[in-house]
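Chains, contacts and geometry: an overview
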Amino acid sequence: MKIAKFSRLGFILAASGSAVGLGNIWKFPYITGEYGGGAFVFIYLITISLIGVTILLAEMLIGYMGKADCVTSFENLAPKNKGVWKYGGFMAFSGLMILTFYSVVIGWIFNYIFKSFSLPNSISESESQFNTFLSTDITTQLAFHTIVFLIVISIVVRGIKGGIEKLNLYLMPTLALILIGIFFYALSLDGFSQSFDFMFNLNWDKLSSQAIIIAVGHAFFTISLGMGAIMTYSASLPKNVNLFKSSLIVVVVDTAIALLAGLTLFAFLFEFGSEPAKGPGLVFISLPAIFNELGGLGNILALLFFISLAFAGLTSAVSLLEPSVQYFIDRFKLNRVKATLLAGSTFYIIGIFTLLANTESFSKALTFGSKNFFDWMDFTTSAFLLPLGGIVMAIFVGFIMQKDRVKSILEPQMGRNSFNIWYFVLKYIAPLAVLFVMLNELGVISLTE
Ligand code: PHE
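Parameters at a glance
- Residues numbered from 1 in each chain as written.
- Predicted model: local features only at pLDDT ≥ 70, side-chain atom pairs only at ≥ 80, totals over all residues.
- Heavy atoms only, no water.
- Helix = DSSP H or I, 4+ residues; strand = E, 2+ residues; numbered from the N terminus.
- Rg over C-alpha atoms; globule rule 2.2 N^0.38 Å.
- Buried < 20%, exposed > 50% of the residue type's maximum accessible area, 1.4 Å probe, protein only.
- Contact = heavy atoms within 4.5 Å.
- Areas by Shrake-Rupley, 256 points an atom, 1.4 Å probe, with all protein chains shown as cover.
- Lys, Arg positive; Asp, Glu negative; His and termini not counted.
- Charge placed at Lys NZ, Arg CZ, Asp CG, Glu CD.
- Axes fitted to C-alpha atoms, helices over the stretch in contact; angles between N-to-C directions.
- Left-handed = near helix turned anticlockwise from the far one by under 90°.
- Nonpolar A, V, L, I, M, F, W, Y, C, P; charged D, E, K, R; others polar.
- Patch = residues over 30% accessible without salt bridge, like charges linked within 9 Å, V, L, I, M, F, W, Y side chains within 5 Å.
- Salt bridge = Lys/Arg side-chain N within 4 Å of Asp/Glu carboxyl O.
- Phe/Tyr/Trp six-rings, centres within 6.5 Å; stacked < 30°, edge-to-face > 60°.
- Near = heavy atom within 4 Å.
- Polar contact = N/O pair within 3.5 Å; in protein donor to acceptor, adjacent residues only side chain to side chain.
- pLDDT = per-residue confidence, 0-100.
- Parallel < 35°, antiparallel > 145°, perpendicular 65-115°, else oblique.

Turning our attention to the overall build of the protein chain. Secondary structure assignment for the protein chain yields 19 helices and two strands. On C-alpha atoms alone, the protein chain measures out to a radius of gyration of 21 Å, which is about the 22 Å that the 2.2 N^0.38 rule sets for 449 residues. The buried share of the protein chain, reckoned over its 449 residues, is 59%. The long-range share in the protein chain, meaning contacts at least 24 apart out of those at least 6 apart in sequence, stands at 82%. As displayed, the protein chain offers around 17400 Å² of accessible surface, 65% of which is attributable to carbon and sulfur atoms. Side-chain charges of the protein chain comprise 27 positive and 24 negative groups, with the mean position of each set lying 19 Å from the other.

Structure representation (structure tokens):
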């Protein structure tokens, strides 16, 4: 059966749609706040342009040349030991694990869209509303988790062209417009210059080694690296696409949106005298209270902001599901409907447990050691599975695939010098840097203290 491929623009939008997600608008600003601003942003930018782009290009290449689900692509491209290398495709399932909490958070965002017109009067009220919602309101959270599940499967079941490409074609430009609009409003606030300073002033004394680890980990998460989303999308690329350019565009778009979101949120925070370090509650706690100060305009801003956040989340969520769906289709010969239902219900059901892990009634039962189930899912994927996927791909393209094959595709696209630099970074710098960070996050070695 001939599978419809992406158009070039469709691929760029879908890959950017995967990259631009909750990571950019929700997580990036709050970790920037927590880890001290400018110097953290600087480290993040270096990592993403050196290691991020390098491995992203490798991931695109594997998909583009392997032309199948992750497992089969590794198998197709390994010159020997195919039976071993196919396990590189484990990453197709990391997305399902991420979805178990990602879907729950998109559910919270949906809830906040509906709350845009009844904003809290103060930060403390906002905080207690958020905490009560998370810890006691199982019904609403479950309803929204279910809605997210239904939306995501109804897109993915329509396939790459009719579902994923179309979704991104509408949602991505809308999302960009909304964010740019709010950004221009933020530009007019007095808090903006403070926000700019906070994000770009290189205050090295605030930089901890922990911040470096977080910056590297986030670089992976934010460009959707190491879990086969970009690989699976790249398997549906038309011929003669410039992978090098595509990977650069994705990283530039992703970074631009993260910086835009950061500048905007901090401008609001400084304008209304809040502290930048508010943790994960930044978007759900501080922002609604601040919007409330702006009266009617604030309601509209809140509505638009949460809609754009939901759009960002949904375009990433479909990319988290697609790798496992494609795997079930290629390896088990399931049709797309069955494959989507199987993969979808897996994350949906496990997602119920991640959701319950934050609630009063179930948190005890769902806490294992130092973390609850929700945090374990987050931690296992970002600290372990994504970096591991990145290392595997870097080694695979750098050491296992024949250099001539890799070169014949990429050198014409990037020129000889860039190719040589890229190949060197891919072989010797990227895997070691990522390994180092991963071992640190897992506590095997310790850079911090
Ligand atoms: N990149 C997405 C974000 O920033 C999350 C994601 C990770 C999506 C991995 C797909 C794969 O929110």
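Angle between the axes and distance between the axes are the two parameters that describe a pair of packed helices. As a packed pair, helix H3 (residues 38-66) and helix H13 (residues 243-271) sit with axes 9 Å apart at the nearest point and diverge in direction by 145 degrees. By crossing handedness, the relation of H3 to H13 is classed as right-handed. Residue-level contacts link Val-41, Tyr-44, Leu-45, Ile-48, Val-53, Leu-56, Leu-57, Met-60, Leu-61 and Tyr-64 of H3 to Leu-243, Phe-244, Ser-246, Ser-247, Leu-248, Val-250, Val-251, Asp-254, Thr-255, Ala-258 and Leu-259 of H13. When grouped by side-chain class, the residues that make up the contact of H3 with H13 number 17 nonpolar, three polar and one charged.

Where the residue is not glycine, phi is negative for most of them; where a peptide bond is considered, it is trans in most cases. Phi at Asn-81 takes a positive value of approximately 50 degrees, unusual for a residue other than glycine. Looking at the secondary structure, you find Asn-81 in the loop between helix H4 (70-77) and helix H5 (82-85). Look at Asn-240: it is not a glycine, yet its phi comes out positive at around 60 degrees. Under the relative-accessibility criterion, Asn-240 is labelled exposed at 61%.

This part is about a nonpolar patch on the surface. Together, Phe-42, Ile-46, Leu-50, Leu-202, Trp-204, Ile-395, Phe-399, Phe-424, Tyr-428 and Ile-429 make up an exposed nonpolar region whose accessible area comes to about 900 Å². Looking at the element boundaries, Tyr-428 is found in helix H19 (residues 416-441). Taking relative accessible area as the criterion, Tyr-428 reaches 41% and is therefore assigned partly exposed.

Moving on: the packing of aromatic side chains. Enumeration over the complete set of coordinates arrives at 43 aromatic pairs. Taken together, a centroid distance of 6.0 Å and an interplanar angle of 25 degrees make the contact between Tyr-185 and Phe-268 stacked. On the criterion of sequence distance, the pair formed by Tyr-185 in helix H9 (residues 159-187) and Phe-268 in helix H13 is long-range, its members being 83 residues apart. Overall, Tyr-185 belongs to the partly exposed group, its relative accessible area being 25%. In this structure Phe-268 comes out as buried when scored by relative accessible area, which is 1%. On the basis of an interplanar angle of 20 degrees and a centroid distance of 5.5 Å, the ring pair of Phe-419 and Tyr-423 is categorised as stacked. Taken as a pair, Phe-419 and Tyr-423 lie in helix H19 at a separation of four residues, close to a single helical turn.

Within the secondary structure, Tyr-44 sits in helix H3. Separated by 169 residues in sequence, Tyr-44 and Ile-213 place their C-alpha atoms 9.7 Å apart.

Next up on the list: the site of the ligand. Not every one of the 14 residues close to the ligand is listed here, only the nearest: Ala-19, Gly-23, Tyr-102, Phe-221 and Met-227. One of the backbone nitrogen or oxygen atoms of Gly-23 is found 2.7 Å away from an oxygen atom of the ligand. Surface burial for the ligand is 100%, taken as the share of its 320 Å² of free accessible area covered by protein chains. Listed by contribution, the elements that provide at least two residues to the shell around the ligand are helix H1 (8-19), helix H2 (22-34), helix H11 (209-222) and helix H15 (295-332). Among the residues making up the shell around the ligand, the classes are represented as six nonpolar, eight polar and no charged.

What follows is about the confidence of the model for the protein chain. Taken residue by residue, the protein chain gives an average pLDDT of 93. The fraction at 70 or more is 98%. Taking the mean pLDDT of every element in the protein chain, the minimum, 84, falls on H11 and the maximum, 98, on helix H8 (residues 138-156).

Where H3 contacts H19, the axes come no closer than 9 Å and their chain directions differ by 115 degrees. Here H19 runs roughly perpendicular to H3, going by the angle between their axes. The element H3 and its partner H19 pack so that their crossing is left-handed. Within the contact between the two elements, H3 uses Leu-50, Ile-51, Thr-54, Ile-55, Leu-57 and Ala-58 and H19 uses Trp-422, Val-425, Leu-426, Ala-430, Ala-433 and Val-434.

Glancing now at the pattern of salt bridges. By the definition in use, this model includes four salt bridges. In this structure, Glu-75 engages Arg-331 in a salt bridge whose closest nitrogen and oxygen atoms are separated by 3.1 Å. Taken together, the positions of Glu-75 in helix H4 and Arg-331 in helix H15 put the pair 256 residues apart, joining distant regions of the chain. The exposure class assigned to Arg-331 is partly exposed, which follows from its relative accessible area of 29%. Salt-bridge contacts for Glu-322 lead to Arg-336; the nearest nitrogen and oxygen are separated by 2.8 Å. Of this pair, Glu-322 sits in helix H15 while Arg-336 is found in helix H16 (residues 336-357), placing the two residues 14 residues apart along the sequence. With respect to class, Glu-322 is no different from Arg-336; both count as buried.

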